[in-house]
Every structure is written in C-alpha cells, then in structure tokens.
Amino acid sequence: MERLAETAARPLTVSAAARPLGGEIAVPGDKSISHRALMFAALARGVTRISGLLEGEDVLRTAAAMRALGADIRREGAEWVVESAGVQGFSEPSDVLDMGNSGTAARLLSGILSGLPFTCFMTGDASLRGRPMRRVTTPLSANGAVFVTRADEKLPMAIVGNGSPAPIVYRMPVASAQVKSAILLAGLNATGATRVEEPVATRDHTENMLRHFGVPVTIEADARGGRVITLDGPARLTAWDVIVPGDPSSAAFPIVAALLVPGSEIVISNVGLNALRTGLFVTLREMGADLTVVGERVEGGEPVGDLRVRAGVLRGVDVPPERAPSMIDEYPVLAVACAFAEGPSRLRGLAELRVKESDRLAATVALLTANGAAVHVEGDDMIVEGRQSGRPLGGGTVETRMDHRLAMSAIVMGLAASRPVTIDDTAFIETSFPGFVTLMNVLGAGIGA
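Fair warning: this is a prediction, and the values are worked out from it, not measured in the lab.

### A short note on the overall build of the protein chain
If you tally the helices and strands in the protein chain, you get 13 helices and 23 strands. Taking 22 Å as the expected radius of gyration for a compact globule of 449 residues, we find that the protein chain reaches 21 Å, a close match to that expectation. In terms of its C-alpha atoms, the protein chain occupies a principal-axis envelope of roughly 65 × 45 × 40 Å. Every one of the 449 residues in the protein chain was classed for burial, and the buried ones make up 59%. Within the protein chain, contacts between residues separated by at least 24 positions form 76% of all contacts whose residues are at least 6 apart in sequence. Carbon and sulfur atoms provide 53% of the accessible area of the protein chain, an area that totals close to 15800 Å².

Below, the structure is given as structure tokens:
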C-alpha cells in the first residue's frame, strides 16, 4: 500500500545498545537512483521494470507525480512497472503536484516540467515549502520557462513550461547534483547542446541513467578542475529495465553504529559503490575504521558490493572540502562518529548543508551540543573536538526539524552514548529509510525495548 499522507510526530528515546550489533542486512534501494529510475522510465517510450526501488515516502511522491503526468506506474510483486508513451504522452495534471519532503523530486521534476507545453503547480510539506527553489529556477528560466513562486522563490510554485525550450549553458556557482540534473532533464526537449559546468564532480547517477536509457552524454574535465557535461537535444529515451542498488547514504547509519558499539560486526549486502557517493567510506577508513568491501561487482550500470564492518577505535580526521559532494548527506552521522573519536576533527566546506531539508549544519551542531560534544563552526567548517575524558556523551533532546537524516544520526548517537538520547520526532525517517528502527533491531540494537 502506498502511503502519501503526512504522519503524526513520533518521539523516541534511545539508550546504549546492551550487546554488540551483529548479523547481515540489506538497506533499502538508493534514493537518488530510485527517483531517477521512475522519472526516466516515465520519460521513455515502452515498458520499464524496476527492481530494488526504495519505497519510502519521497520516492512514492515521485511515482504519484509521474502518474499525474500520464505514465502508468504499478507494483507487480517485487518489481515496479512503468509503462509510458514517453514525453509525447504527457498532459497537464488536473491537480497540484505534492512532492512531500523531497527536494530531489521537486528540483529534478522542475527541469522536466520547464520543457513541456503546459502549466503545472507544485507544493510540498512544511519543510519543503521553507526551502528556496532559486538555485533551479534561475538557470531553468533561461530555456523560456516561467516560474511563479512565493517570496524568496519558495513553494508553492507555478511552472509555465515552454514546449520549444532553448538549450541552457550554465556554470554552477556551487556543486549540486540536483541542479545539474534539473538542467540536463530540461535539455531533453531542447534543440541544441545543453551544457553544465560544475566546479567539482558531483554524483553522476543522472548521466549514468541517461546513457542506460539510450541518451548520449559527454563528460569532460575542464582546466579549473571541474567537469563539463553536454547533452544534445532533443533526445528520446528508450525503455530499459533498472536494478537499484542499496543506498550508501542509508548504509551510513548502521555502519557508524557498528563502528561505535563495542564488539560489533555486521555485513551490509548489495550497497552502491559509485565513486562519487562513497566519500564517507573513504573518510571512515582514514579515521581507522575496519570497513572492507567483499564481492564487488557491477549491476545496472552501477558498481555494488557487500560491506563488512567491525567496531574499533576511531581517530579524528581532517576532511577536505572537495570531498563534500561525494558525502553531502552523510555529514550528520559522520559528525556523530567524530564526537566519539580520539582527537579533533575538521569537516571542511559544508555550505551546501545549509540548504538541505533543514539547515543541517546548524542542526548537526545542535544535535552534538545537546549531547555533551564540543563542536563549533568556523565559516563553512565544522570542528568536532572528539571524546573528552570526564565528559559523558548523550543525555540530550534532539530537535530533528523534520529532517530524516538528523533523526537517524541521533538514534546512532543514542546507541553509543553513555546516557539516553531523546529524539523529538522520528516520523520523517520513513521518507528515506522505511523500517530503519526494525532493521537496526535485527542487528540487536534494542531500540524501543
């Protein structure tokens, strides 16, 4: 059953795990790839079968939006089937497109809608309505689309598409896979070369999936250390089945929990290992983590493998700013790991965290501070002092600010801290990691026991 309604708040108090975590689990499908799989399959002519799709609230919002545009999307057993006449079969939705809590869905869909010959209306939940859309509406306006928003470019928003869009050439001021993807999707219906210049490489699932659906994309390095991505339009997608790997961002939470709870040893199977998504794994290994890959392979155009994690002592780390795009969603749980490490850590270049589901930089600092960790911000850097003798961690209440990753990071902190951690709302975990608490309890976490 698809669940699209907002849920009531669910507070939770988490105490230290009574025993080591152990066992083998699989995390839900990669959220970034799941969004794209549904969108690209709906844009393609023919029938696409998707296995491993994340069935969280965010992705179900994308499915509902693509249905509203005209695609037939249904679940058949363990697979999702998308049947579509392609973009030529799209028509103006009869109602507002509600993207819930998903900034990825809202931004990527804005790119698609900007190049279609009709008007759509988009909204989201309270959190998404508070996040400016300027970073996508500004470049997308160059193709002739018109965006009418609330003050400060916020949802709800009307998108007056241009059925004969101009190709966009845009150098992004900051690295963002969502902005890059929105522009490339807008270019599918434009005549000519759409060109995106990014200052550093960001996750490339959009480029990989465009190729998977038969659309050539060229990627070149530029003289300033960034990348230039070019797509020639108009381009038509051909249906092709998709296998969604386990989400490395979701795997981050049981990984850090296993590293911090003494004596733990777990295996997480079928995790995506795209090099532009694994910055956290690199960083944890620099901290001394016992984290190994077993059985690396390629599935559906993406590298995957099984991760073996053993608990141990972590040390402080200095994370360079250029690594941020490859682990932007993992900084809250990394900061938790740093709070338990020996010595200080400096996490550099975190400006992007200020415009996530919440101001994640401020919210992460608040999470750590409430639970006895020494942390402060210098510019766009977060400095976590690490474990300090005589200063127990835990004992605080975390305000999640409707942010699923903050809620899960707080749960991980509670499992390793010497005093219980209270989370004001865990309901939004379902948007990205349905069944998270149950899965952690399979490993022996004892949450809610």
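Now that the structure has been shown, we can carry on.
### Topic: helix α3 (residues 103-114)
Given a rise of 1.5 Å per residue, 12 residues ought to cover 16 Å, and the 16 Å separating the end C-alpha atoms of α3 matches this to within 8%. Counting buried residues along α3, 12 of its 12 residues qualify, which places the element largely inside the surrounding structure. Within the sequence span of α3, burial applies to Gly103, Thr104, Ala105, Ala106, Arg107, Leu108, Leu109, Ser110, Gly111, Ile112, Leu113 and Ser114. Two to three positions downstream of the cap, the backbone nitrogen of Ala105 sits 3.0 Å from a side-chain oxygen, assigning the N-cap of α3 to Ser102.

### A look at a nonpolar patch on the surface
Together, Val146, Val148 and Val160 make up a nonpolar patch on the protein surface, roughly 210 Å² of accessible area in all. Among the secondary structure elements, Val148 is positioned in strand β8 (residues 146-150).

### Description of the packing of aromatic side chains
With the rule as written, the count across this model stands at three aromatic pairs. Plain terms: the ring middles of Phe253 and Phe436 are 6.2 Å apart, the flat faces sit at 75° to each other, and that makes the pair edge-to-face. Here Phe436 lies in helix α13 (residues 436-442) and Phe253 lies in helix α8 (residues 248-260), a separation of 183 residues in the sequence. Judged by its relative accessible area of 1%, Phe253 is buried.

### Section: the pairing of strand β15 (residues 265-272)
Burial runs high along β15: six of the eight residues are buried. Summarising the sheet, strand β2 (residues 22-26) and β15 pair through five bridges and their orientation is parallel. Paired with Gly23 across the two strands is Ile266, which belongs to β15. Bridge analysis of β15 against strand β17 (residues 302-310) gives six bridges, and the strand direction is antiparallel. Looking at β17, one finds that Ile268 is bridged to Leu307.

### Let's talk about the packing of helix α11 (residues 360-370) against helix α12 (residues 404-416)
Between α11 and α12, whose axes approach to 11 Å, the crossing angle comes to 20°. By the criterion of interaxial angle, the relationship of α11 to α12 is roughly parallel. Of the two elements, α11 crosses α12, and the hand of that crossing is right-handed. For the pair α11 and α12, contact is made by Arg360, Ala363, Thr364, Leu367 and Leu368 and by His404, Arg405, Leu406, Ser409, Ala410 and Met413, respectively.

### Quick word on the pattern of salt bridges
Evaluated as defined, the whole model comprises 34 salt bridges. In this structure, Glu197 engages Arg195 in a salt bridge whose closest nitrogen and oxygen atoms are separated by 3.3 Å. Residue Glu197 is classed as buried on the basis of its relative accessible area, which comes to 14%. Residue classification places Arg195 among the partly exposed positions, given a relative accessible area of 32%. Residues Arg227 and Glu198 are paired through a salt bridge, measuring 2.9 Å at the closest nitrogen-oxygen approach. Here Glu198 lies in strand β11 (residues 192-198) and Arg227 lies in strand β13 (residues 227-233), a separation of 29 residues in the sequence. Within this structure, Arg49, Asp72, Arg74, Glu76, Glu79 and Glu83 form a network of salt bridges that share partners.

### So, the pairing of strand β20 (residues 375-378)
As judged from the four bridges shared by β20 and strand β21 (residues 381-384), these two strands associate in the antiparallel manner. What sits directly across from His376, in β21, is Ile383. A loop of two residues connects β20 with β21, the two strands running antiparallel in sequence, and Gly379 in this loop sits at a positive phi of about 65°.

### Topic: the sheet that holds strand β18 (residues 318-319)
Reading across from one edge, β18-β19-β21-β20 is the order of the four strands in this open sheet, with mixed pairing throughout. At either margin of the open sheet sits one strand with a lone partner, and together these are β18 and β20. The sheet strands contacting helix α10 (residues 331-340) are β18, β19 (345-347) and β21, and the helix crosses β19 at an angle near 170°.

### Points about the side chain of Ser409
With respect to the helices and strands, Ser409 occurs in helix α12. Under the relative-accessibility criterion, Ser409 is labelled buried at 0%. Non-local contacts of Ser409, meaning those with residues more than four positions away in its chain, are made with Phe253, Pro332, Val333, Val336 and Leu367.

### Considerations on the environment of Asp306
By the element assignment, Asp306 lies in strand β17. Residues Asp306 and Arg227, spaced 79 residues apart in sequence, show a C-alpha to C-alpha distance of 30 Å. Aside from chain neighbours lying at most four places away, what touches Asp306 is Val267, Ile268, Ser269, Asn270, Thr292, Val293, Val294 and Arg297. Only 2.8 Å separates the side chain of Asp306 from the backbone nitrogen of Asn270, close enough to count as a polar contact. At 3.4 Å, the side chain of Asp306 and the side chain of Arg297 are in polar contact.

What counts, and where the lines are drawn
- Residues numbered from 1 in each chain as written.
- Predicted model: local features only at pLDDT ≥ 70, side-chain atom pairs only at ≥ 80, totals over all residues.
- Heavy atoms only, no water.
- Helix = DSSP H or I, 4+ residues; strand = E, 2+ residues; numbered from the N terminus.
- Rg over C-alpha atoms; globule rule 2.2 N^0.38 Å.
- Buried < 20%, exposed > 50% of the residue type's maximum accessible area, 1.4 Å probe, protein only.
- Contact = heavy atoms within 4.5 Å.
- Areas by Shrake-Rupley, 256 points an atom, 1.4 Å probe, with all protein chains shown as cover.
- Expected span 1.5 Å × (residues − 1).
- Polar contact = N/O pair within 3.5 Å; in protein donor to acceptor, adjacent residues only side chain to side chain.
- Patch = residues over 30% accessible without salt bridge, like charges linked within 9 Å, V, L, I, M, F, W, Y side chains within 5 Å.
- Salt bridge = Lys/Arg side-chain N within 4 Å of Asp/Glu carboxyl O.
- Phe/Tyr/Trp six-rings, centres within 6.5 Å; stacked < 30°, edge-to-face > 60°.
- Pairing = 2+ DSSP bridges.
- Axes fitted to C-alpha atoms, helices over the stretch in contact; angles between N-to-C directions.
- Parallel < 35°, antiparallel > 145°, perpendicular 65-115°, else oblique.
- Left-handed = near helix turned anticlockwise from the far one by under 90°.

Everything listed here is a matter of geometry and, on its own, says nothing about what the molecule does.
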